[in-house]
Amino acid sequence: MEQLDKFKNVVDTFKKQEFALQKQAREYEALQREIAVLRERAAFDADARRKLERLDEVMRSGGQQLQNQVREKTRRLQSVINGIADKFVELLPKDGGRAVESKPSPKCATAKKAARKFV
């Protein structure tokens, strides 16, 4: 049962990371839209043209490499999440997820009774 709890915690952690990556992907898409608007304005706006030139410099100096690294890490993270989810499913009880009832050991039952007498 302790292993199952550990796997649940790991899966929860990866789900949180996946959510964070999805949020970053949405932010990236919003940035792409802003860049498109900036490109439209660059024809008649000197400030927009200057910003685009700086952005182009950043992209030439390694922006594509950074983007590729983010994509690769996202793919690896998704692969790890899927693998852990598969392991988690393997560990679940085969009876539809219902917990197996077990009786407490005699030592535990005795200890509980003794604790109640002194309270």
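To start, this report covers the structure provided alongside it. None of the values given here were measured: they were computed from a predicted structure.

## Focus: the overall build of the protein chain
Right, on to step 1. Scanning the protein chain from N- to C-terminus turns up 3 helices and 0 strands.
Right, on to step 2. Looking at the 119 residues of the protein chain, the share that counts as buried comes to 13%.
Right, on to step 3. Taking all contacts inside the protein chain whose residues are at least 6 apart in sequence as the whole, residues at least 24 apart take part in 59%.
Right, on to step 4. Carbon and sulfur atoms make up 57% of the accessible area of the protein chain, which amounts to about 10,300 Å² in all.

## A short note on the nonpolar core
Right, on to step 1. Formed by Leu 4, Val 11, Phe 14, Leu 77, Ile 81, Ile 84 and Phe 88, the largest nonpolar core amounts to 7 residues.
Right, on to step 2. Broken down by secondary-structure element, the contributors of at least two residues to this core are helix 1 (2-41) and helix 2 (46-91).
Right, on to step 3. Element by element, the count of residues in this core is highest for helix 2, at 4 residues.
Right, on to step 4. Setting aside chain neighbours within four positions, we find Leu 4 in contact with Phe 88, Leu 91 and Leu 92.
Right, on to step 5. Listed in part, the 5 residues of the second largest apolar core include Ile 35, Leu 38, Ala 48 and Leu 52.

## Some thoughts on the pattern of salt bridges
Right, on to step 1. Evaluated as defined, the whole model comprises 7 salt bridges.
Right, on to step 2. Glu 18 is paired through a salt bridge with Lys 15; the nearest N and O atoms lie 3.8 Å apart. Of this pair, Glu 18 and Lys 15 both sit in helix 1, 3 residues apart, roughly one helical turn.
Right, on to step 3. Glu 18 sits in the buried class, given a relative accessible area of 17%.

## Some details on helix 1
Right, on to step 1. Between its first and last C-alpha atoms helix 1 spans 59 Å; for 40 residues at 1.5 Å apiece the expected length is 58 Å, and the two agree.
Right, on to step 2. Of all the residues in helix 1, the buried ones are Leu 4, Val 11, Phe 14, Glu 18, Ile 35 and Leu 38.

About the criteria used
- Residues numbered from 1 in each chain as written.
- Predicted model: local features only at pLDDT ≥ 70, side-chain atom pairs only at ≥ 80, totals over all residues.
- Heavy atoms only, no water.
- Helix = DSSP H or I, 4+ residues; strand = E, 2+ residues; numbered from the N terminus.
- Buried < 20%, exposed > 50% of the residue type's maximum accessible area, 1.4 Å probe, protein only.
- Contact = heavy atoms within 4.5 Å.
- Areas by Shrake-Rupley, 256 points an atom, 1.4 Å probe, with all protein chains shown as cover.
- Core = buried A, V, L, I, M, F, W, Y, C linked by side-chain atoms within 4.5 Å.
- Salt bridge = Lys/Arg side-chain N within 4 Å of Asp/Glu carboxyl O.
- Expected span 1.5 Å × (residues − 1).

From the geometry alone we can't say anything about function, so treat these as descriptive.
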